[in-house]
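# Working through the structure, step by step
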Amino acid sequence: GLRAGAIESQGTDRAILADVVLAAPKDKTGRAWEIVIIGPESPSDVVTVEGQKYVRSKNGRLWSTAALESSTPMFDGAKVYDNHLTNEQFEAAGGMRSPAREWLGSIVSPWWDRATNSMRGVLKVVDDAFARKLVNASEGGVLSTVGLSLDVLRDFIKRRIGETVYELCNRITRVLSVDAV
């Protein structure tokens, strides 16, 4: 495992990470998709820091597997919207989104897969045009270019490991949304 240096800083903030992967359609309608909510892209993305296992997200943050596993139920019913709000938009709207204009679907039945160190679930799509786009993307071999991104509040510390300062995320405090990007 890796040895971490002193804590550089710590805090709680909003984090956006584009780690959701659309794995496979559950049927031909495009209304239900198996997804990986967060998990390693390769075995090298699972690292141990001072005895604690972490998953490295695409943006380089390290997410405690214990924190991810314990937060899994928080993702049940998480709404999927069309695009992220900027911090300014988020604050101005009080975090509220329009179900009529922006809502694409919701995540259901999330579960923690210990074998792959990943959180998985099902995306239920309620927007007909988005469902058709996903099916077309899947049939065209470009589904991996469709992004879904988590928008969560989390507790973290910044620690130096070797030459790099990492954000170690040790708790998700709230799931705000999962957004198509």
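Calculation rules
Residues numbered from 1 in each chain as written. Predicted model: local features only at pLDDT ≥ 70, side-chain atom pairs only at ≥ 80, totals over all residues. Heavy atoms only, no water. Pairing = 2+ DSSP bridges. Helix = DSSP H or I, 4+ residues; strand = E, 2+ residues; numbered from the N terminus. Expected span 1.5 Å × (residues − 1). Buried < 20%, exposed > 50% of the residue type's maximum accessible area, 1.4 Å probe, protein only. Arc of directions from axis to C-beta. Polar contact = N/O pair within 3.5 Å; in protein donor to acceptor, adjacent residues only side chain to side chain. Contact = heavy atoms within 4.5 Å. Salt bridge = Lys/Arg side-chain N within 4 Å of Asp/Glu carboxyl O.

### Focus on the pairing of strand β10 (residues 164–180)
Examined bridge by bridge, strand β5 (residues 62–64) and β10 share two bridges and lie parallel to one another. Within β10, the residue paired with Leu-62 across the bridge is Leu-168. Sheet topology note: the strand β9 (residues 148–161)/β10 ladder contains 14 bridges and is antiparallel. Bridge pairing links Leu-153 to Arg-174 in β10. Between β9 and β10, which pair antiparallel and follow one another directly, the connecting turn spans two residues, one of which, Gly-162, has a positive phi of 65°.

### Examining helix α3 (residues 128–139)
Taking 1.5 Å per residue, twelve residues should reach 16 Å; α3 reaches 17 Å between its end C-alpha atoms and fits that length. By the burial criterion, the buried members of α3 are Phe-130, Ala-131, Leu-134, Val-135 and Ala-137. One side of α3 holds all its buried residues, which, seen down the axis, span an arc of 160°. Every exposed residue of α3 that faces more than 90 degrees away from the buried side is listed here: Arg-132, Lys-133, Asn-136 and Glu-139. At the N-terminal boundary of α3, the capping side chain belongs to Asp-127, with an oxygen 3.3 Å from the backbone nitrogen of Ala-129. Gly-141 sits one or two positions beyond α3 and adopts a positive phi of about 75°.

### Notes on the environment of Gly-147
Counting through the fold element by element, Gly-147 comes out in the loop between α3 and β9. When the C-alpha positions of Gly-147 and Leu-22 are compared, they lie 8.3 Å apart, and in sequence the two are 125 residues distant. Contact partners of Gly-147, with chain neighbours within four places excluded, come to Asp-179, Ala-180 and Val-181.

### Examining the pattern of salt bridges
For side chains bearing opposite charge, pairing can occur when the charged atoms are close. All told, the structure shown has ten salt bridges when counted by the stated rule. Taking the shortest distance from any N to any O, the salt bridge between Arg-171 and Asp-155 comes out at 2.9 Å. Here the residue Arg-171 occupies a position in strand β10, and Asp-155 occupies one in strand β9, the gap between them amounting to 16 residues. Taking relative accessible area as the criterion, Arg-171 reaches 47% and is therefore assigned partly exposed. We note a salt bridge from Lys-158 to Glu-167, for which the minimum N-O separation is 3.9 Å. Overall, Glu-167 belongs to the buried group, its relative accessible area being 17%. Connected through salt bridges with shared partners, the residues Arg-61, Arg-154, Lys-158 and Glu-167 form a single ionic network.

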